[in-house]
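Next come the chains, spelled out residue by residue.
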Amino acid sequence: MAALGWLTPRRRSATARSVLAGEASAEAARKSVPEEPEFPVLGDDKAAAFFDLDNTVMQGAALFHFGRGLYKRKFFETRDLVRFAWQQAWFRLAGVEDPEHMQEARDSALSIVKGHRVSELQSIGEEIYDEYMADRIWPGTRALAQAHLDAGQKVWLVTAAPVEIAQVIARRLGLTGALGTVAESVDGVYTGKLVGEPLHGPAKAEAVRALALAEGLDLSRCAAYSDSHNDIPMLSLVGHPYAINPDSKLRKHARKLEWRLRDYRTGRKAVKVGIPAAAGVGAVAGGTAAAIALHRRRR
């Protein structure tokens, strides 16, 4: 056995030279890794951040939560809930926007607000935020937005939700403002028409482009955050795109282009259907009730 002693590693205390060699090696390793520049850049007044709202800043869809509040306030009837339930479930699982359903949703939403004062919807929006939205803000995304604010940059929500509701949420979160779908109003009363089209997909990118021009921003120094592949046009517009709680298509696209990803969800099933797992059946029921506001035609 003694003859095999050379095979057994011997413990030796580190000498001063070996310590020096180890420290030098570690320092060389650190220098070989390029340091990421601090982001967001403090004091960069040519940069801003643009955040999608639904499932990026807030769990679920703002319109669904708003619709829940409208349902509670008797803006539409219970039987509409049953009629819409199957359509909402199909949309969630299929993940495909049916043009006919989208047109119906658009017309129904406009018919609901037609004749109401803008100030009335703003007031209701304040109440609904406290009832359904305040506890659904993703802390992680909120921290990202705060980092931009702390760096002295403006932060905007960009959403297909009505601009009045988006502005309520932005103000409550301490953000700069919001870009949202604009419904026409005359003398403070909704006419039942849209100005242009819903702020969705490419329209979001155009809104960001227009705001950047008006604000004198350099889009290559700006950041954008979203969960949906529908927002790839907006994300592609800026120099710092982030995929937040991404759907499968956006995740694949982000990985291909080496965009940064953040995921604050805990259940993988939520990724497939776009609903926070912790909410369970309650979220489906609530979202269904709320979405009626988009699909009901006023009689």
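Residues numbered from 1 in each chain as written. Predicted model: local features only at pLDDT ≥ 70, side-chain atom pairs only at ≥ 80, totals over all residues. Heavy atoms only, no water.

A. Quick look at helix H7 (residues 163-172). Summarising burial for H7: 7 of the 10 residues are buried, a large majority. Taken as a whole, H7 has its buried residues at Val163, Glu164, Ile165, Ala166, Val168, Ile169 and Ala170. The inward-facing, buried residues of H7 contact helix H2 (62-72), helix H5 (118-133), strand E2 (154-162), strand E3 (177-181) and strand E5 (189-194). The first or second residue beyond H7 is Gly174, which carries a positive phi of 80 degrees. (Buried < 20%, exposed > 50% of the residue type's maximum accessible area, 1.4 Å probe, protein only. Helix = DSSP H or I, 4+ residues; strand = E, 2+ residues; numbered from the N terminus. Contact = heavy atoms within 4.5 Å.)

B. Examining the environment of Ser228 more closely. Within the secondary structure layout, Ser228 lies in the loop between strand E6 (223-226) and helix H9 (232-237). Taking the relative accessible area as the measure of exposure, Ser228 reaches 13% and is therefore buried. Between the C-alpha atoms of Ser228 and Ile244, which are 16 residues apart in sequence, the distance is 8.4 Å. The contact partners of Ser228, leaving out residues within four places of it in the chain, are Asp247 and Leu250.

C. A look at the packing of aromatic side chains. All told, the structure shown has 3 aromatic pairs when counted by the stated rule. With a centroid separation of 6.2 Å and an interplanar angle of 20 degrees, the aromatic rings of Phe39 and Tyr242 are classed as stacked. Highlighted residues: Phe39 in the loop between helix H1 (16-32) and strand E1 (48-52) and Tyr242 in strand E7 (residues 240-244), separated in sequence by 203 residues. The buried category is assigned to Tyr242, whose relative accessible area is 4%. (Phe/Tyr/Trp six-rings, centres within 6.5 Å; stacked < 30°, edge-to-face > 60°.)

D. Representation of the pairing of E1 in the model. Counting buried residues in E1 gives 5 out of 5 residues, a clear majority hidden from the surface. Where burial is concerned, the two faces of E1 agree: the one with Ala48, Phe50 and Asp52 and the one with Ala49 and Phe51 are both buried. When E1 meets E2, the two strands line up parallel, connected through 5 bridges. Opposite Phe50, over in E2, you have Trp156 as the bridge partner. In this structure, E1 lies alongside E6, joined through 3 bridges in parallel fashion. (Pairing = 2+ DSSP bridges.)

E. A look at the pattern of salt bridges. In this structure the tally under the stated criterion is 14 salt bridges. The closest approach of N and O atoms between Arg171 and Glu126, which form a salt bridge, is 1.9 Å. Of this pair, Arg171 sits in helix H7 while Glu126 sits in helix H5, and the two are 45 residues apart along the sequence. Across the salt bridge formed by Glu215 and Lys154, the nearest N and O atoms sit 2.8 Å from each other. Taken together, the positions of Glu215 in helix H8 (residues 202-215) and Lys154 in strand E2 put the pair 61 residues apart, joining distant regions of the chain. The exposure class assigned to Glu215 is partly exposed, which follows from its relative accessible area of 32%. (Salt bridge = Lys/Arg side-chain N within 4 Å of Asp/Glu carboxyl O.)

F. Quick look at the packing of H5 against H7. At a minimum axis distance of 9 Å, the contact between H5 and H7 shows a crossing angle of 50 degrees. In this view, H5 runs oblique relative to H7, as classed from their interaxial angle. In terms of crossing hand, the pair formed by H5 and H7 is right-handed. Of H7, the residues touching H5 (which contributes Val118, Leu121, Gln122, Gly125, Glu126, Tyr129, Asp130 and Met133) are Glu164, Ile165, Val168, Ile169, Arg171 and Arg172. Class assignment for the residues of the contact of H5 with H7 results in 7 nonpolar, 2 polar and 5 charged. (Axes fitted to C-alpha atoms, helices over the stretch in contact; angles between N-to-C directions. Parallel < 35°, antiparallel > 145°, perpendicular 65-115°, else oblique. Left-handed = near helix turned anticlockwise from the far one by under 90°. Nonpolar A, V, L, I, M, F, W, Y, C, P; charged D, E, K, R; others polar.)

G. Quick peek at the sheet that holds E2. Read from one edge to the other, the open sheet built from 6 strands follows the order E3-E2-E1-E6-E7-E8, with strand pairing classed as parallel. Both edges of this open sheet fall to E3 and strand E8 (260-262), since each of them pairs with a single strand only. Taking the axes of each pair of neighbouring strands and ignoring which way they run, one obtains an average angle of 20 degrees across the sheet. Its contacts with the sheet place helix H6 (residues 139-150) against E1, E2, E6 and E7, and it is angled at close to 160 degrees to E1. Running at roughly 145 degrees to E2, H7 makes contact with E2 and E3 of the sheet.

H. Region of interest: H2. Along H2, the positions that sit buried rather than exposed are Ala62, Phe64, His65, Phe66, Gly67, Gly69 and Leu70. Two residues or fewer past H2, Lys74 is found with a positive phi of approximately 65 degrees.

I. Summary view of the environment of Gly216. Examined against the element boundaries, Gly216 turns out to sit in the loop between H8 and E6. Taking the C-alpha atoms as reference points, Gly216 and Lys46, separated by 170 residues in sequence, lie 6.7 Å from one another.

J. Looking closely at the nonpolar core. Phe51, Phe66, Met133, Leu157, Ile169 and Tyr225 are the most contacted members of the largest nonpolar core, which has 39 residues in total. Per-element accounting of this core gives the leading share, 7 residues, to H5. Excluding anything up to four places from it in sequence, Phe51 contacts Val57, Thr141, Leu144, Ala145, His148, Val155, Trp156, Leu157, Val158 and Tyr225. Counting residues in each nonpolar core, the second largest holds 25 residues, with Leu199, Ala207, Leu211 and Leu237 among its members. (Core = buried A, V, L, I, M, F, W, Y, C linked by side-chain atoms within 4.5 Å.)

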